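The residues making up each chain are set out below.
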Amino acid sequence: MQNGWMRFVRGFLVIRVDGDYMERFFNMCRMHNIDLWGIRREKEQEKDICMCEAYAADFLKMPPLLKKTGTKVHVVKKKGLPFYFPFIKKRIIFFAGVFLCLALLNYVTDYVWAIEYVGNLQVSDDELSDFLEQESIHYGMKKSSINCEEKEKKLRETFQNVTWTSIYFEGTKLYVEIKENEKSEPVQIKTRGTNIIANEAGTITSIVTRNGVPKVKAGDWVEKGQILVAGGVPVYDEGKNIVGFQIYDADEIGRASCRERV
C-alpha cells in the first residue's frame, strides 16, 4: 500500500516493450537501478511484447539502453499526481474558489447568526431579547464565548415564573427554551350595563354564555375594557333584517374568566 502511494505521488508510466532482446533490456535496467514492476508478457498480432510500469523519472534514463539492445518502448498510459498538475493549473481559479468557500463555511459555523425562543407564553420575545442583550449575547458572536449553563441559571433568576430553561445550539442558531409556571392570578371580569367586559388585559381561559352574544372565545387575547359577551341579542324578521334587540340583565348573560399576561 505504501509503495502504491509513493508511486502515485512520484508519477509513473505504463509502457509497452517490443523487441528481440527484451530480457537483455530488463537486465540492463536492473543494473542501472531502473525500477520496473508489473512485468507481463502479452501477444500482439502473433508477436510477443511485454507490458510493465516504471517511474516517469526512470523513463528518461532508458534511451541509451534501448539503443544498445535494439528495443522499442512506447508509453501507453500516464498515472500519478504530477500528471494532474496541468489540469489543476488550468482551473486554478475554480479550485481556489472551492477552497475559499469551504474555509469561509467552516469559519461562519463557529458564530451565532440566528436566535429562536421556544415555549414562552407569559414572557414575551422582546423581554427575552432584552435579557440576552443585557447578558451581551447577540448575532455574530462566537458560540464558544457563551456559557449556556450560567445563562440558564441567570434566566431563571430574572423571570420568577420560569421554572425550567435550556440554552443550546443547532448549527449557527441559538435556541432559548423555557417552561413557565402555569399558575397565575385570574383577571377580574366586570359587567357594564348589559355587557360583560374585561377589567384587565389577559388571555381568555373559559367562557360560558347563557344569554347574549359572545364576542370572544377561549384562547383569545383581550384588552382592558373589551366586550366579552354582549347583552343585546339581535331580532330578525323574515327577510333576515334586524328589527330590534332582546336585552338581558348582566347576571343572566353568563360568565367569562381569563388570566393576565405576566
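Bear in mind the structure is a predicted one, so any value in this text is a computation, not a measurement. (Residues numbered from 1 in each chain as written. Predicted model: local features only at pLDDT ≥ 70, side-chain atom pairs only at ≥ 80, totals over all residues. Heavy atoms only, no water.)

## Some points on the pairing of strand β1 (residues 12-18)
Quick note on the threshold: Relative accessible area decides the class of each residue, using a 1.4 Å probe on protein chains only: under 20% of the type maximum gives buried, over 50% gives exposed, and in between gives partly exposed. Starting at the N terminus, helices and strands are each numbered in turn, a helix being any DSSP run of H or I of at least four residues and a strand any DSSP run of E of at least two. Pairing between strands requires that DSSP locate at least two bridges from one strand to the other.
In terms of burial, β1 is a largely internal element, seven of the seven residues being buried. Here β1 shows two buried faces, one formed by Phe 12, Val 14, Arg 16 and Asp 18 and the other by Leu 13, Ile 15 and Val 17. With seven bridges connecting them, β1 and strand β4 (residues 72-79) associate as antiparallel partners. If you follow Phe 12 over to β4, its bridge partner there is Lys 79. The pairing of β1 with strand β3 (residues 48-55) spans six bridges and is classified as antiparallel. Residue pairing for β3: Val 17 is matched across the bridge by Cys 50.

## Remarks on helix α2 (residues 22-31)
Here is the rule: Think of the arc as the fan of directions from the helix axis to the C-beta atoms.
If you check which residues of α2 are buried, you get Met 22, Phe 25, Phe 26, Met 28 and Cys 29. Angular distribution of buried residues about the axis of α2 spans 165°; they occupy a single face of the element. Turned more than 90 degrees away from the buried face of α2 sit Arg 30 and Met 31, all of them exposed.

## With respect to the packing of aromatic side chains
The following threshold applies: When two rings of Phe, Tyr or Trp (its six-membered ring) have centres within 6.5 Å they constitute a pair, described as stacked for plane angles under 30 degrees, edge-to-face for angles over 60, and tilted for the intermediate range. The rule for a charge over a ring is simple: NZ of Lys or CZ of Arg within 6 Å of the ring centre, and within 35 degrees of the ring normal.
Enumeration according to the criterion identifies seven aromatic pairs in this entry. Note that Arg 10 overlies the ring of Tyr 55, its terminal NZ or CZ placed 3.7 Å from the centroid. Of note, Lys 143 hangs over the ring of Phe 169, and the distance from its end group to the ring centre comes to 5.7 Å.

## Some details on the pattern of salt bridges
Convention followed: Salt bridge criterion: a side-chain nitrogen from Lys or Arg within 4 Å of a carboxyl oxygen from Asp or Glu.
Inspection of every chain in the model, using the stated rule, returns 10 salt bridges. Across the pair Glu 23 and Arg 41 runs a salt bridge, and its minimum N-O distance is 3.0 Å. Here Glu 23 is found in helix α2, whereas its partner Arg 41 is found in strand β2 (residues 36-43), with 18 residues between them in sequence. Across the salt bridge formed by Lys 217 and Asp 220, the nearest N and O atoms sit 3.5 Å from each other.

## Points about the state of the cysteines
Rule in force here: Throughout, disulfides are identified as pairs of cysteine sulfur atoms within 2.5 Å of each other.
According to the stated counting rule, one finds zero disulfides in the structure shown. Left without a disulfide partner, Cys 52 is nearest to the cysteine sulfur of Cys 50, which lies 7.4 Å away.

## Quick look at the pairing of strand β10 (residues 195-198)
In β10, alternate side chains face the same way, and those of Asn 195 and Ile 197 on one face and Ile 196 and Ala 198 on the other are all buried. Where β10 meets strand β14 (residues 227-230), two bridges bridge the pair, whose relative direction is antiparallel. Within the sheet, the bridge partner assigned to Ile 196 lies in β14 and is Val 229.

## Remarks on the environment of Pro 214
Formally: Contact definition: two residues touch when any of their heavy atoms are within 4.5 Å.
Along the chain, the position of Pro 214 falls in strand β12 (residues 213-214). Using a relative accessible area of 43% as the deciding quantity, one classes Pro 214 as partly exposed. Those residues in contact with Pro 214 that lie beyond four places of it in its chain are Ile 207, Thr 209, Leu 228 and Val 229.

## Looking at helix α8 (residues 148-158)
Burial in α8 covers these residues: Cys 148, Lys 151, Glu 152 and Leu 155. Angularly, the buried residues of α8 cover 105° about the axis, an arc narrow enough to put them on a single face. Of the exposed residues in α8, those oriented more than 90 degrees away from the buried face are Glu 149 and Lys 153. Those residues of α8 that are buried lie in contact with α7 (125-134), β6 (162-170) and β7 (173-180).

## Things to note about the nonpolar core
Formally: As used here, the term nonpolar core means buried Ala, Val, Leu, Ile, Met, Phe, Trp, Tyr and Cys residues forming a set that is joined through side-chain atoms within 4.5 Å.
Membership of the largest hydrophobic core comes to 18 residues, with the highest contact counts inside it found for Leu 132, Leu 155, Phe 159 and Val 176. Listed by contribution, the elements that provide at least two residues to this core are β5 (114-118), α7, α8, β6 and β7. The residues touching Val 176, leaving out its near neighbours within four places in the chain, are Glu 116, Tyr 117, Val 118, Leu 132, Leu 155, Ser 166 and Ile 167.

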